[in-house]
Amino acid sequence: MMTIISRLLVVSALLSVPSNAFVSGKPNKPRSSRLKAAPYKIGAKTEGVLMNNRFVVDSLRKVVPDDMEMSDVDLLRFALAYPDDKAGAEEALKNAIEWRKTTGKHIVDAAKDAVAKATANGGWENEVVRDAAPHADVINDFITPKAVITTSTEDGDLVYVIRASQIDDKELMNKASVEQVCDFFMYAKEVHNIVANKRSEKGRLCSVLFANDISGVRKAPDKRFSQALTSSSDQYESLYPSLAGPTMILNLPLILQAFVGLLKPLFPKSVQERLVFKRAPVLASLKELTPLGTDPLIKTKFVREVVSLLP
């Protein structure tokens, strides 16, 4: 039982608090205690939320260097994460800008270029994005659409789905370093950030919903894989505040469902606020996740299932 719990917690760390993988320590300055994980209702109109936070957004604009592009939506997310704490929002933004200009610059640049190429023809070329990921030549053999995929709800929220049982983490970590794996996942978060913020400009403030499918988990994770996920968990909300929506732990084995009340306190408080344990029959019926990106009917059934499970 504890083996399964261990695996659950590691995978959940990947989904619910994925973060900066390139700074070996914690952020230079502590985050404000007022940071909120989900400070607005999912589906809120961007125009209205922006109007209510215009003063802080305009103030944050003065912090952004002339050579850096940050939209009003980018800045709005910092304002929302630090309600009634303009100084805290400015501090968090400065730290994020520093990361984007230094340690994370290659991730930010790669994601920006990949999204531009993937959407050049008006659609979405996913292979372009996958191939542009850091260390893709090694990691793409293990992190495939069978195990990890991002899709969208009909309202435009992103749904990041992972089924850890279909990742050979031991063999992956025999081929890639902890830092390389962290780089790879951080790139995915930056892509999510670009897409969600662009969509948010058109009507509603989009979130990233995390769907963590526990189906098939039978063993503890490779320690190096755990290290990679742990080392990438400290700075997500400081770099991408107000982006994460609910974290869903789906298809938990029956033997563990009775222990949900004991599991929840093991997660960070910011994650507990948006944590959902549910059964997802549509997802459980899939032998792999690939159909979520190739079969429109299955995708529609799944995203409607996800929406129905939201708190």
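Residues numbered from 1 in each chain as written. Predicted model: local features only at pLDDT ≥ 70, side-chain atom pairs only at ≥ 80, totals over all residues. Heavy atoms only, no water.

A. Structural context of the nonpolar core. Membership of the largest hydrophobic core comes to 65 residues, with the highest contact counts inside it found for Leu172 and Val181. In terms of residue count, the dominant contributor to this core is helix H10 (residues 178-200) (nine residues). Other than its neighbours up to four places away in sequence, Leu172 contacts Ile139, Phe142, Ile143, Val181 and Phe225. Residues Val159, Leu209, Leu289 and Val306 belong to the second largest nonpolar core, which totals 17 residues. (Core = buried A, V, L, I, M, F, W, Y, C linked by side-chain atoms within 4.5 Å. Buried < 20%, exposed > 50% of the residue type's maximum accessible area, 1.4 Å probe, protein only. Helix = DSSP H or I, 4+ residues; strand = E, 2+ residues; numbered from the N terminus. Contact = heavy atoms within 4.5 Å.)

B. Representation of the environment of Thr46 in the model. Inspection of the secondary structure assignment puts Thr46 in helix H2 (residues 46-52). Overall, the relative accessible area of 7% leaves Thr46 in the buried class. The spacing of Thr46 and Leu205 is 159 residues in sequence and 5.0 Å in space, taken between C-alpha atoms. Setting aside its immediate chain neighbours within four residues, Thr46 contacts Val73, Leu76, Ser200, Gly203, Arg204 and Leu205.

C. Broad picture of the confidence of the model for the protein. In the predicted model, the protein carries a mean pLDDT of 84, and the fraction of residues at 70 or more is 80%. Taken element by element, the protein is modelled with least confidence in helix H1 (residues 2-16), mean pLDDT 50, and with most confidence in helix H6 (residues 105-118), mean pLDDT 97. Confidence drops under a pLDDT of 50 for residues 13-38, and excluding neighbours within four residues, the segment shows 79 contacts in the predicted structure. (pLDDT = per-residue confidence, 0-100.)

D. Inspection of the pattern of salt bridges at higher detail. Evaluated as defined, the whole model comprises 14 salt bridges. Between Arg61 and Asp72 there is a salt bridge, with the nearest N and O atoms lying 2.9 Å from each other. Residue Arg61 is located in helix H3 (residues 54-61), and its partner Asp72 is located in helix H4 (residues 72-81); the two are separated by 11 residues in the primary sequence. For Arg61, a relative accessible area of 34% translates into the label partly exposed. The exposure class of Asp72 is partly exposed, given its relative accessible area of 27%. (Salt bridge = Lys/Arg side-chain N within 4 Å of Asp/Glu carboxyl O.)

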